[in-house]
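# Fold and geometry: a report
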Amino acid sequence: MQTVKNIISKWNSISLVKRIICGLIIGIILGLVVPQASGISILGDLFVGALRGIAPVLVFFLVMSSLCHMGKGQKTNMKVIVILYMAGNILAAACAVAASYVFPITLTFTENTDTSDVAPPSGVTEVLTNLLMNLVDNPVNAIVQANYIGILFWAIIFGVALKGAGEGTKNALEHISDAVSIAVQWVISCAPFGIMGLIFTTISEQGLSVLLGYGRLILVLVGTMAAVVFIVNPIIVFLFIRKNPFKLIFTCLKESFITAFFTRSSAANIPVNMKLCERFGLDEDTYSISIPLGATVNMAGAAITISTMALAAANTLDIHVSVGSALIMCVLAAASAAGASGVAGGSLLLIPLACSLFGIPNDISMQVVGVGFIIGVIQDSCETGVNSSTDVLYTAIADFRDRRINPEHYANKPFDPEIKIL
């Protein structure tokens with residue numbers, strides 16, 4: 001028994017990122033050597049299932065507990081964060097438009113792509129209606145279905161309503177929130193095994209040969225996302241914190257992008273981002289709301305996918321897209337991306353909305369969706385990584401900006417010494 005404890009202790013003493021890299025390498029090797037060992041895939045399914053299962057409960061109790069403890073007039077940075085989320089979506093869409101003009105893409109549609117069970121929304125009105133209906137969903141159903149808009153709405157309602165509750169009730173909520181957070185840490189510690197199972201599934205079932213015919217499209221998509229991460233975001237970060245932006249950006253990529261890349265779900269990555277915000281020493285009253293909100297509306301990667309795929313379809317059909325039409329599509333893509341699902345492939349169902357601006361018929365736009373599913377093994381992974389890592393990034397820079405402007409408010413809130421940003 002003591003030997004087992006020593007092994008576990010030694011394992012936990014190794015950096016989580018290093019353990020994830022080990023799991024990644026082992027998963028690739030197993031996928032190439034023994035692709036028939038399908039039982040390994042269950043590790044990935046269990047990991048993602050556990051994250052998706054615990055995240056709604058964590059968000060509900062964390063938001064509710066934070067609000068009921070919040071003092072009157074207590075300041076948060078939510079206004080700045082929401083502006084950053086929306087601006088990030090629009091800038092990402094604009095980058096996708098610029099990239100599509102410089103590197104025009106044509107698509108090869110596949111007749112055997114099955115999109116018969118795909119039901120995209122018929123317009124922006126339907127997207128907004130769905131968002132509003134999710135807002136007032138039954139709170140229990142919202143938790144069960146991982147409807148984060150509904151979870152946030154009811155957690156805010158209950159949190160505000162419980163401000164007048166007794167200290168015993170508030171302490172009980174805080175203890176429940178702490179217990180769920182500990183459970184989340186246990187799940188995250190299993191990430192190396194989960195990612196090993198996920199990458200094994202990808203290598204053994206999908207391979208990379210299916211992607212070769214769409215190499216140029218993948219390069220444009222991933223290249224645009226890289227431009228947003230390494231050019232646009234550093235400029236935004238520098239304007240806010242007036243320090244070297246890459247320390248913060250690379251920390252977010254290392255701690256958040258990697259797990260989001262493999263889980264392919266912004267919702268499943270919420271506990272990871274919560275933990276990273278805690279490491280940064282950010283205001284819990286802010287990030288307990290901004291992180292789950294970001295998993296729903298902060299979709300820069302999705303805006304890139306929607307814009308690039310729609311313009312590729314227009315180029316394939318020799319449809320001229322004016323600069324004015326492209327700018328309108330940027331706004332539409334940014335707004336639509338905010339309604340994209342927090343699960344794998346959610347942004348693809350919104351491509352027909354952008355295609356409709358250019359008069360592209362629905363049967364053609366659905367073939368574009370089919371192409372998206374084919375390249376999704378890379379596109380959706382990178383997209384989710386960008387989406388989720390910027391949730392933390394924008395939350396952090398809003399907090400750091402306030403610390404820079406009002407340092408007297410944060411004298412008793414030290415930072416993690418490993419994060420040398422300010």
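Coordinates for the structure precede this section.
From a predicted model like this one, the values you see are computed outputs, not experimental measurements.

Rules used throughout
- Residues numbered from 1 in each chain as written.
- Predicted model: local features only at pLDDT ≥ 70, side-chain atom pairs only at ≥ 80, totals over all residues.
- Heavy atoms only, no water.
- Axes fitted to C-alpha atoms, helices over the stretch in contact; angles between N-to-C directions.
- Helix = DSSP H or I, 4+ residues; strand = E, 2+ residues; numbered from the N terminus.
- Parallel < 35°, antiparallel > 145°, perpendicular 65-115°, else oblique.
- Left-handed = near helix turned anticlockwise from the far one by under 90°.
- Contact = heavy atoms within 4.5 Å.
- Nonpolar A, V, L, I, M, F, W, Y, C, P; charged D, E, K, R; others polar.
- Salt bridge = Lys/Arg side-chain N within 4 Å of Asp/Glu carboxyl O.
- Core = buried A, V, L, I, M, F, W, Y, C linked by side-chain atoms within 4.5 Å.
- Buried < 20%, exposed > 50% of the residue type's maximum accessible area, 1.4 Å probe, protein only.

## Some remarks on the packing of helix α11 (residues 246-263) against helix α12 (residues 270-280)
- Remark: α11 packs on α12, axes separated minimally by 9 Å, with the N-to-C direction vectors making an angle of 150 degrees. In terms of orientation, α11 lies roughly antiparallel with respect to α12. Considering how the two elements wind past one another, α11 and α12 form a crossing that is right-handed. For the pair α11 and α12, the contacting residues are L248, T251, C252, E255, S256 and T259 in the first and V272, N273, L276, R279 and F280 in the second.
- Each residue belonging to the contact of α11 with α12 can be placed in one class, and the counts come to five nonpolar, four polar and two charged.

## Topic: the pattern of salt bridges
- One pass over the structure, following the stated rule, counts two salt bridges.
- Of the charged contacts in the structure, one is a salt bridge between E255 and R279, with a shortest N-O distance of 3.2 Å. Taken as a pair, E255 in helix α11 and R279 in helix α12 lie far apart in primary sequence, 24 residues in all.
- Between R403 and D399 there is a salt bridge; the shortest N-O distance is 2.3 Å.

## Side note on the nonpolar core
- Counting residues in each nonpolar core, the largest one holds 108 residues, and the members touching the most others are L217, L248, M274, F280, F358 and I397.
- Residue contributions to this core peak at 15 residues, all from helix α17 (residues 362-405).
- Filtering out sequence-adjacent residues up to four positions away, M274 remains in contact with L58, V59, L62, Y287, S288, I291 and P292.

Function cannot be inferred from these measures alone, as they are strictly geometric.
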